[in-house]
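Listed below, chain by chain, are the residues.
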Amino acid sequence: MGLSAVARLWGPPGLLLTFALHPALCLRPVQTSAPRHRDYCVLGAGPAGLQMAYFLQRAGRDYAVFERAPRPGSFFTRYPRHRKLISINKRHTGKANAEFNLRHDWNSLLSHDPRLLFRHYSRAYFPDAGDMVRYLGDFADRLGLHVLYNTTIAHVTLDKDRQAWNGHYFILTDQMGHAHQCSVLLVATGLSVPNQVDFPGSEYVEGYESVSVDPEDFEGQNVLILGRGNSAFETAENILGVTNFIHMLSRSRVRLSWATHYVGDLRAINNGLLDTYQLKSLDGLLESDLTDLAVVKDREGKFHITLKFFLEEGNQSADAVTLPQDDNDNFAMRVAYDRVIRCLGWNFDFSIFNKSLRLSSGGELSKKYPLVKASYESKGSRGLFVLGTASHSVDYRRSAGGFIHGFRYTVRAVHRLLEQRHHGVAWPSTKHPISQLTSSIVRRVNEASGLYQMFGVLADVVLLKENAMAFEYLEEFPTQMLAQLETITGRKARHGLFVINMEYGRNFSGPDKDVFFYDRSVGHTEDAWQSNFLHPVIYYYRHLPTEQEVRFRPADWALPRPTAIHHIVEDFLTDWTAPVGHILPLRRFLENCLDTDLRSFYAESCFLFALTHQKLPPFCQQGYLRTQGLMGTESLRRHGVESGLLRDYATVGRRREDGGRGLLGGSQAPGPPVQALDSNKEEL
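- Going by an unreviewed UniProt entry, the protein carries the name FAD-dependent oxidoreductase domain-containing protein 2 and comes from Ursus maritimus.
- Its UniProt record gives the protein the following Function (unreviewed entry) comment, quoted word for word: "Probable flavoprotein which may function in endoplasmic reticulum associated degradation (ERAD). May bind non-native proteins in the endoplasmic reticulum and target them to the ubiquitination machinery for subsequent degradation."
- Under the heading Subunit (unreviewed entry), UniProt records this for the protein: "Interacts with SEL1L. May interact with OS9 and DNAJC10. Interacts with TXNDC16."

Shown next, in the form of structure tokens:
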């Protein structure tokens, strides 16, 4: 090679060529080695992603969490814009039971560490979003969760492989061009794309995600807010005292959470504008379909609302466009506005997912949420699960699955499903004698947080054993997957089952309901089926319902029509422990279903049953006949003698010259003195 050739290689053009060809110097290096494989990949280190990471780590699974930000909870670093969360932080309940307290703690994730309860991070009932960021950071750090920060997943696709768990691997490509291979993909990215409505003049509208949060910027202005959810009312609440007036426009009426019993609807903390509207203090609410309207701008920079059909093509000047008030001089929005703000909520970001994953079908709801089954698995790709807020299509407007206090339990349900499917670990359960059935149900309906928060979506299941002498108790199973219970849990349901669900009254919730009517509460046990407020409902099935029965259940039923059903009457204190009002009707219902006696008895009563009955109650079979709890008393000795089972050694002993004692001689049998018991007493 000549000197001129060497100069060409090492000169400026050759140097550029070297940089271009050398992979280590490229901005987006091409990966030549096989992608790193993990059994589980979690997208997003928000609350749902960290919750799943915790369960995977406790189970010893191979996983990684991919997070684009340098710390967890990046959504909460920006939102809500005005920094006050609407998830309650109730620090005191008067109870020491940790499970019960989670019913009223809407921010904590589930863990074994009591330090990781949100009440240690804020004293405020409605905490600051910054406290949530700090909490999530500590949750990840203290538990040592495997999170890859500053890693943005730019593309997700499938790689077919018959050896893979689900017949394919998921290939994730990050911003550096590195590929990651996963057997199971768990998407916990939340809803991050602002929902926008396309109409003429929408370019003049400011978005919730970018509008100023400084009230002084709205001093003396006329403001129109598009939307009617919590973000809209949160924005209005922030500027309510400085504007001339605020008008709020949406396509349907406001839904109040206390009427719908859905925590995603308007909460009282943000509803100041409702007061000023109803008390006629200039602010107001209007209903109209946004797609029928248009915004036009006049020469002074103010905005006018008109109807889309008034616009002539290519002409959107307020001076040339017909306004509704030209024909109707009392048109509600005839005033000019200084600001128009869009607060229409959020959608899921589908952009990184290849079409082969079939996450969206283009339906109305699927524009906001991915398409998932009741098991939270994608309808289009086996092994892809959606967690957290993005999975809310399963219970949208019906329960709390879109919020931390709900999805912390649905995430756990997904993890249990995965443990059975891929590792042969059956759904956790406890086994008990049938005599403990009533007490087991009573304990759960009074303590369980998952049942309470995910009402109508997650339910406890009692699997009866042969001859109904024992049962297996499974917690928080997805109700709409009931037909697949045996496959999902690894448990058998061959001898009947009970399903314990929490429900509101069927005609009590709705945006048009008066939930404060005079006779709203039910107090009599015979009217329990008419209970309005959240209360336990027990379904009994002789056989596991079929897929068809689940799918075609009555429209207003949470579960398929059962063999028998029992409502525990609602309770003002949500304390279902009243012996006569709650426990006794429940026990009798269970006894009727099982054709057995579930009462608990003292040993003396079991002794009498053994002498006089062919069929003993299960409590006596499982306790007394196994030598548990029988203590000798004079009363028992008398029964034994009178039945001919014992000889009257006391009489014989009195005739003996030496005054010796018999087996049960004297006034009391050997052992510590025990007072005779009332054989009719029941233990509820």
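After presenting the structure, the write-up continues.
## Observations concerning the sheet that holds strand β8 (residues 206-207)
Right, so step 1: Reading across the sheet, the five strands line up as β8-β14-β9-β10-β11 and stay open at both edges, with parallel pairing between neighbours. Strands at the two margins of the open sheet, each flanked by one partner only, are β8 and β11 (284-287).
Right, so step 2: Note: β8 against strand β14 (residues 339-342), two bridges, orientation parallel. Counterpart to Glu-206 in the pairing with β14 is Ile-341.
Right, so step 3: Most of the contacts of helix α6 (residues 230-239) go to strand β10 (residues 245-250), to which it runs at about 175°, and overall it touches β9 (222-226), β10, β11 and β14.

## Re the pairing of strand β20 (residues 497-503)
Right, so step 1: Counted residue by residue, β20 has seven buried out of seven residues, so it is predominantly covered.
Right, so step 2: Strand direction decides the pairing type here: strand β18 (residues 458-464) and β20, joined by four bridges, are antiparallel. Paired with Val-461 across the two strands is Val-499, which belongs to β20.
Right, so step 3: Sheet analysis places β20 next to strand β21 (residues 535-541), joined by seven bridges and oriented antiparallel. Following the sheet pairing, Asn-501 is matched in β21 by Val-537.

## Observations regarding the state of the cysteines
Right, so step 1: For the structure shown, the criterion picks out two disulfides.
Right, so step 2: Disulfide pairing places Cys-41 opposite Cys-182 at an S-S distance of 1.9 Å. In this structure, the disulfide formed by Cys-41 and Cys-182 twists by about -80° around the S-S bond and is classed as left-handed. Residue Cys-41 is located in strand β1 (residues 36-43), and its partner Cys-182 is located in strand β6 (residues 179-187); the two are separated by 141 residues in the primary sequence. Like Cys-41, the residue Cys-182 is buried in the burial classification.
Right, so step 3: Paired through a disulfide, Cys-606 and Cys-620 show a sulfur-sulfur distance of 2.1 Å. Residues Cys-606 and Cys-620 are joined through a disulfide that is left-handed, its torsion about the S-S bond being -80°.

The rules behind these values
- Residues numbered from 1 in each chain as written.
- Predicted model: local features only at pLDDT ≥ 70, side-chain atom pairs only at ≥ 80, totals over all residues.
- Heavy atoms only, no water.
- UniProt positions renumbered as here; feature names shortened; annotations may be inferred.
- Pairing = 2+ DSSP bridges.
- Helix = DSSP H or I, 4+ residues; strand = E, 2+ residues; numbered from the N terminus.
- Contact = heavy atoms within 4.5 Å.
- Axes fitted to C-alpha atoms, helices over the stretch in contact; angles between N-to-C directions.
- Buried < 20%, exposed > 50% of the residue type's maximum accessible area, 1.4 Å probe, protein only.
- Disulfide = S-S within 2.5 Å.

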